[in-house]
Amino acid sequence: MTQYIGTATSRIDGIAKVTGAAKYAADYSAPGLLYAWVVNATITKGRIKRIDRSAAMRIKGVVEVLAHDNRPPMADKDEAYKDDVAPDGSPFRPLYDDKVMFNGQPIALVVAETSEAARYAASLVKVEYQEEAHVTDLYKQRNAAHPVRTPANPFEALFAPPPPRGNADKALAAAAVRHEGEYYVPIEHHNPMELYASTVIHEAGGKLTIYDKTQGVQNVHNYVCHIFGMKPEDVRVMGPFMGGGFGSGLRPQFQVVLAVLAARALKRSVRVMLTRPQMYQLGYRPAMIQNIALGANTGGTLDAMTHDAVTVTSQYEDFWRQETGWSGLLYKCANAKYAHKLAKLDLPTSCDMRAPSAACAVYALEAAMDELAVALKLDPLELRLRCYSDIDQHQNKPYSSKALRECYRQGADAFAASVGLEQVNPAFFFTERRWRGLVETLTESGQPIPPRPTGAPSPEQTAPTASLAEPPLNERKFGTVGAVALDSQGRLAAGTSTGGMTAKRWGRVGDVPVIGAGTYASNADGCAVS
C-alpha cells in the first residue's frame, strides 16, 4: 500500500460516472418491464377504511393497483423484517395492513406499462381513512421521553451514554463560573443525488435479480428472502453504483419490498422509483434537544460538565446513537454526567446520517464552550487549549495520535490571513505569545511581517485572563487573533455551521464590527473551531 500513499490515483469508477456509462438501480431494463408508482398516505395516524381503485384501473396501460387487501403473502413475524442494522422494536411492514403510522407512508402501488400511466393513475386512487390523534412535535413529547436502555454488550455500549466520572452535580454547584444552555437541532434529511429505486428482473422459475440503491446488498438480500420466504439462491441483489447515500441506504428501504411484491404478484419485471418528496419518508437524522451545563474555575479549565439529550424516534422502533459523550474525547473534566432519552413521534424511524450523532452533538458542545469562554472573558481557542485532552476519558486510554492542536493553529492562521491584520481589533491579541506565533507563521510561509498593530498589548502587559506558562516551541505557533463576536449584552453572537445548522449573526468587539468571527463549525466529520 505504501506505493499509493501520497500518489494521485484516478477513481476506478470515475470515467464510467462522468461519461454516463455507469448504470444505477433505475437504469436497468428487461423485456416487458412494468413501472410502479407509490400512493402515499395523506394522514399522519389512523386506519384505511376503503381504497377505491376504479378510476385508476380504467387508465390505459394500468395492470394492477396493489395494497394491503390484495397483495401476495408476506411474513407475519417481526423477525423477518429485522434487517442487519435494525434498531429495537417492530419494523415497518410496507403494504402489510390497514394501519397508517406516519404521513406519506406507502399504502398502495399502481403498476402500469409506462411510468406516465402509473403516475397519473396513482393520482386517481381514492382512500378513506379513520384518523387518530397524532404527535409530531418533539417539544410536546419531551416530557414523555424514556431513557435509552442499558447496553447488553460492549458493542451496544458504543451507542449508550458513557458512565459518569466524579460528582458532576457537586462540582457544578461549586464552580466559580457556570454556563447552562439548551440547544435544538431540527430533523435533517439525506437527499442524495440519486433517487431511491429498485428494478426487479423476474426470471424463469420465479428467481429474481434485484438492482437496488443500497449501501449493503447482503442486507437487502437477507431482508427480501426473509419477508417473502425465498431461498437465498433464488435471489440475487446487485448495486454496482450508488449516487450518494450518507447512511440512508444502510437499511433496506420500502421501495425494494414494493418492487418485489409487484414482480411476484404479476410474474413480470418491475421498477419502482421514488420521487424526491417521497424520499422524505425513508429516514432522517433525528431532531434533538440538548441541555449542557459547564462549570469552570478562574484558571479557565473545566471542573464539571453535564450533557443531556432527547432525540426523536418512531412509535414502532427505538433508534439512537451516542449523543452525549463527545466532550470526554475532547476536553479534560474530572466530573461529568450524561443522559439520553427518546421521544416517540408519529414519524418514520430515524436513521444514521453522515457522522451520526457527532455532527449535532458536537455542535451543541462547541456552542456551549464558546459561550463559556465569553463568561470567562477568555479567548475561545485558549479555553479549548487549556482543556485539551490527550486521552479518551471514558476508557482512560491515551490516543495513539491526535493532531487537533495543529488543526487549531492552521485554522487560526487562516483566519488571521483572511481578515487582514489591519482589520483586527488590537484587543484580540490576548497574549504576547499569540503575536510571536503569528509572526513566526508568516515568516515560515514567506509572507511579509506587518507592523505591530497600534494598541496591541506589549510583552509587559498582562492578558485579560490568567495566562498559561510559555509552551514548548513546537506548541507555540498558534497565531490566532482570538476573535469573538458579541451582542449588545455581551453574549456570543457569531456562529456558522454546515449540515443545515446555520446561524450567521453580526456582532461587535469594541469598535470593530465582526461577522462570523470566533466561529464554531459543525461538519460531516465532527466539529472544527477557529
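Up top you'll find the structure we're talking about.
Anyway, here's the lowdown on the structure attached to this text. Throughout, a residue's number is its position along its own chain's written sequence, starting from 1. Local features in this predicted model are restricted to residues whose pLDDT is 70 or higher, and side-chain atom pairs enter the listing and the counts only when it is 80 or higher, whereas totals over whole chains, interfaces and linings include all residues. Note: side-chain values were computed over all heavy atoms of the structure, leaving out hydrogens and water.

**A short note on the sheet that holds strand β2 (residues 46-52)**
So, point 1. When DSSP finds at least two bridges between two strands, those strands are taken to pair. Counting from the N terminus, the helices are the DSSP runs of H or I reaching at least four residues and the strands are the DSSP runs of E reaching at least two. As summarised here, the arrangement of the 3 strands in space is β5-β2-β7, forming an open sheet in which the pairing is antiparallel. Each edge of the sheet is formed by a strand with only one pairing partner; in this case those strands are β5 (99-100) and β7 (126-131).
So, point 2. Pairing geometry for β2 and β5, over 2 bridges, is antiparallel. Pairing of Arg-47 across the sheet is with Lys-99, part of β5.

**A short note on the sheet that holds strand β10 (residues 197-202)**
So, point 1. The 7 strands are arranged β3-β6-β1-β13-β10-β11-β12 in an open sheet whose pairing can be described as mixed. Both outer strands of the open sheet, β3 (62-67) and β12 (235-238), are each paired with one neighbouring strand and no more. Going across the sheet, the axis of each strand differs from the next one's by a mean of 20°, ignoring polarity.
So, point 2. Of the strand pairs in this sheet, β10 and strand β11 (residues 208-212) are connected by 5 bridges, and their pairing is antiparallel. The residue of β11 that forms the bridge with His-202 is Leu-208.
So, point 3. Sitting on the sheet, helix α8 (residues 217-228) is in contact with β11 and β12, with an inclination near 150° to β12.
So, point 4. Together, β1 (34-40), β3, β6 (106-112), β10, β11 and β13 (270-273) form the strand contacts of helix α9 (residues 254-266), whose direction differs from that of β10 by roughly 25°. Axis definition: a line fit to C-alpha positions, over the contact stretch in the case of helices; interaxial angles, taken between N-to-C directions, run 0 to 180 degrees. In what follows, a contact means two residues having at least one pair of non-hydrogen atoms within 4.5 Å.

**Concerning the pattern of salt bridges**
Oppositely charged side chains can pair when the atoms bearing their charge come close.
So, point 1. One side-chain nitrogen of Lys or Arg within 4 Å of one carboxyl oxygen of Asp or Glu is enough to make a salt bridge. For the coordinates displayed, the defined rule picks out 23 salt bridges.
So, point 2. A salt bridge links Asp-78 to Arg-93, with the nearest nitrogen and oxygen atoms 2.7 Å apart. Note that Asp-78 is positioned in helix α3 (residues 78-81) and Arg-93 in the loop between β4 (88-89) and β5, a separation of 15 residues in sequence.
So, point 3. Burial status follows relative accessibility: with a 1.4 Å probe on protein chains alone, a residue under 20% of its type maximum counts as buried, one over 50% as exposed, and anything between as partly exposed. On the accessibility criterion, Arg-93 (16% relative accessible area) is buried.
So, point 4. Each of the salt bridges in this network shares a partner with another, and the network as a whole consists of Arg-11, Asp-13 and Lys-17.

**A few points about the packing of α8 against α9**
So, point 1. The contact between α8 and α9 brings their axes to 11 Å, and the two run at 50°. By the criterion of interaxial angle, the relationship of α8 to α9 is oblique. By crossing handedness, the relation of α8 to α9 is classed as right-handed. Between α8, through Val-220, Tyr-223, Val-224, Ile-227 and Phe-228, and α9, the contact on the second element is made entirely by Val-256, Val-257, Val-260, Leu-261 and Arg-264. Here roughly perpendicular refers to angles of 65 to 115 degrees, roughly parallel to angles under 35, roughly antiparallel to angles over 145, and oblique to all remaining angles. Put simply, a crossing is left-handed when the front helix is turned counterclockwise from the back one by less than a right angle, and right-handed when it is turned clockwise.

**Some points on the pairing of strand β15 (residues 302-314)**
So, point 1. Within β15, 11 of the 13 residues are buried, which leaves the element mostly enclosed by the surrounding structure.
So, point 2. With 9 bridges joining them, strand β14 (residues 288-296) and β15 adopt antiparallel strand pairing. Directly across from Gly-295, in β15, lies its bridge partner Ala-304.
So, point 3. What sits between β14 and β15 in their antiparallel hairpin is a turn of 5 residues, with Gly-300 showing a positive phi close to 85°.
So, point 4. Note that β15 and strand β17 (residues 336-345) share 10 bridges and pair parallel. Within β17, the residue paired with Thr-313 across the bridge is Lys-344.

**Some points on the packing of aromatic side chains**
The way to describe two aromatic rings as a pair is by their centre distance and the angle between their planes.
So, point 1. Working definition: a ring pair exists when centres of Phe, Tyr or Trp rings (six-membered ring for Trp) sit within 6.5 Å. Plane angles under 30 degrees give stacked, over 60 give edge-to-face, the rest tilted. In this structure the tally under the stated criterion is 7 aromatic pairs.
So, point 2. With 6.4 Å between their ring centres and 40° between their planes, Phe-92 and Tyr-316 make a pair best called tilted. Residue Phe-92 is found in the loop between β4 and β5, and its partner Tyr-316 is found in the loop between β15 and β16 (317-318); the two are separated by 224 residues along the sequence. A single burial state applies to Phe-92 and to Tyr-316, both of which are buried.
So, point 3. Both rings, one in Tyr-139 and one in Tyr-184, keep their centres 5.3 Å apart while their planes meet at 50°; by these two values the pair is tilted. Residue Tyr-139 is located in helix α5 (residues 138-141), and its partner Tyr-184 is located in strand β9 (residues 177-185); the two are separated by 45 residues in the primary sequence.
So, point 4. Every member of this aromatic cluster is reached through a ring pair, and the members are Phe-92, Phe-102 and Tyr-316.
So, point 5. Our definition puts a charge over a ring when NZ of Lys or CZ of Arg is within 6 Å of the ring centre and also within 35 degrees of the ring normal. In this arrangement the basic side chain of Lys-213 is found over the ring face of Tyr-196, its NZ or CZ atom lying 4.6 Å from the centre.
So, point 6. If you follow Lys-402 out to its NZ or CZ, it ends over the ring of Tyr-388, 4.4 Å from the centre.

**Thoughts on helix α4 (residues 115-122)**
So, point 1. By the burial criterion, the buried members of α4 are Ala-117, Ala-118, Ala-121 and Ala-122. The buried residues of α4 occupy an angular sector of 130° when projected down its axis, which confines them to one face. Away from the buried face of α4 by more than 90 degrees, exposed residues Glu-116 and Arg-119 are located.
So, point 2. Structurally, α4 contributes buried residues whose contacts are with β1, α2 (54-57), β3 and β6. Comment: arc refers to directions from the helix axis out to C-beta atoms.

**Details of the nonpolar core**
So, point 1. Among the nonpolar cores identified, the biggest contains 42 residues, and Leu-109, Ile-210, Val-224, Phe-228, Val-272 and Leu-274 are the most heavily contacted of them.
So, point 2. Elements with a minimum of two residues in this core: β1, α3, β6, β11, α8, β12, α9 and β13.
So, point 3. When residues of this core are assigned to their parent elements, the largest contribution, 9 residues, is made by α9.
So, point 4. Ignoring any residue separated from it by four or fewer positions in sequence, one finds Leu-274 in contact with Val-38, Leu-195, Tyr-196, Phe-254, Gln-255, Met-279 and Leu-282. Within this scheme, the nonpolar core is defined by two criteria: the residues are buried Ala, Val, Leu, Ile, Met, Phe, Trp, Tyr or Cys, and they are joined through side-chain atoms within 4.5 Å.

**Quick word on the side chain of His-221**
So, point 1. One can find His-221 in helix α8.
So, point 2. In protein, a polar contact requires one atom able to donate a hydrogen and another able to accept it; more generally it is a pair of N or O atoms within 3.5 Å, and residues adjacent in sequence count only if both atoms are side-chain atoms. Within polar-contact distance, the side chain of His-221 engages the backbone oxygen of Val-235 at 3.0 Å.
So, point 3. Not counting the four nearest positions on each side in its chain, His-221 is found in contact with Pro-232, Val-235 and Val-237.

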